[in-house]
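# Report on the structure
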Amino acid sequence: EAFVKKEFFPICRNFFVSPTFLKENFHRAYGMPVHTWLIRQRIKRAQELLCTTRMPIQEIAQAVGYESISQFHAAFKGYSGITPGQYRKMSETIV
């Protein structure tokens with residue numbers, strides 16, 4: 001994934017640790033792999049944006065780090081159980 005190349009490896013280099021060391025210690029500290037944590041953070045931010053802005057879903061996907069709308073939809077639905085569009089509609093009816 002792009003995250004590993006763009007961000008994870010540089011973090012390892014900056015702190016002079018191996019990727020394995022960082023992954024294992026992250027998992028130990030947070031109870032989940034880095035990748036799982038990152039997806040959760042992205043989806044939580046997307047949920048905020050869906051509820052508080054009128055940004056198009058494509059722009060939200062890009063804003064939270066997805067280059068592909070289909071990957072965003074799959075990750076969002078996997079985490080939330082519904083699509084981003086359904087989430088936005090649901091949030092509008094709650095307010």
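What you see is a predicted model, and the numbers here were worked out from it, not measured in a lab.

Moving on, we come to the packing of helix 3 (residues 34-52) against helix 6 (residues 84-94). Where helix 3 contacts helix 6, the two axes come as close as 9 Å, and the packing angle between them is 50 degrees. With respect to their mutual orientation, helix 3 and helix 6 come out oblique. The handedness of the crossing between helix 3 and helix 6 is right-handed. Residue-level contacts link Gln47, Leu49, Leu50 and Cys51 of helix 3 to Pro84, Tyr87, Arg88 and Ser91 of helix 6.

We now examine the nonpolar core. Listed in full, the twelve residues of the largest apolar core are Ile43, Ala46, Leu49, Leu50, Ile60, Ala61, Val64, Tyr66, Phe72, Ala75, Phe76 and Tyr87. Among the secondary structure elements, those contributing two or more residues to this core are helix 3, helix 4 (57-63) and helix 5 (69-80). Sort the elements by how many residues they give to this core and helix 3 lands first, with four residues. Filtering out sequence-adjacent residues up to four positions away, Tyr66 remains in contact with Ile39, Arg42, Ile43, Ala61, Gln71, Phe72 and Ala75.

Another point: helix 2 (residues 19-30). Helix length check: helix 2, at twelve residues, gives a terminal C-alpha distance of 16 Å against a target of 16 Å (1.5 Å per residue), a fit within 8%. Gly31, located one to two residues past helix 2, shows a positive phi value of around 75 degrees.

Calculation notes
- Residues numbered from 1 in each chain as written.
- Predicted model: local features only at pLDDT ≥ 70, side-chain atom pairs only at ≥ 80, totals over all residues.
- Heavy atoms only, no water.
- Axes fitted to C-alpha atoms, helices over the stretch in contact; angles between N-to-C directions.
- Helix = DSSP H or I, 4+ residues; strand = E, 2+ residues; numbered from the N terminus.
- Parallel < 35°, antiparallel > 145°, perpendicular 65-115°, else oblique.
- Left-handed = near helix turned anticlockwise from the far one by under 90°.
- Contact = heavy atoms within 4.5 Å.
- Core = buried A, V, L, I, M, F, W, Y, C linked by side-chain atoms within 4.5 Å.
- Buried < 20%, exposed > 50% of the residue type's maximum accessible area, 1.4 Å probe, protein only.
- Expected span 1.5 Å × (residues − 1).

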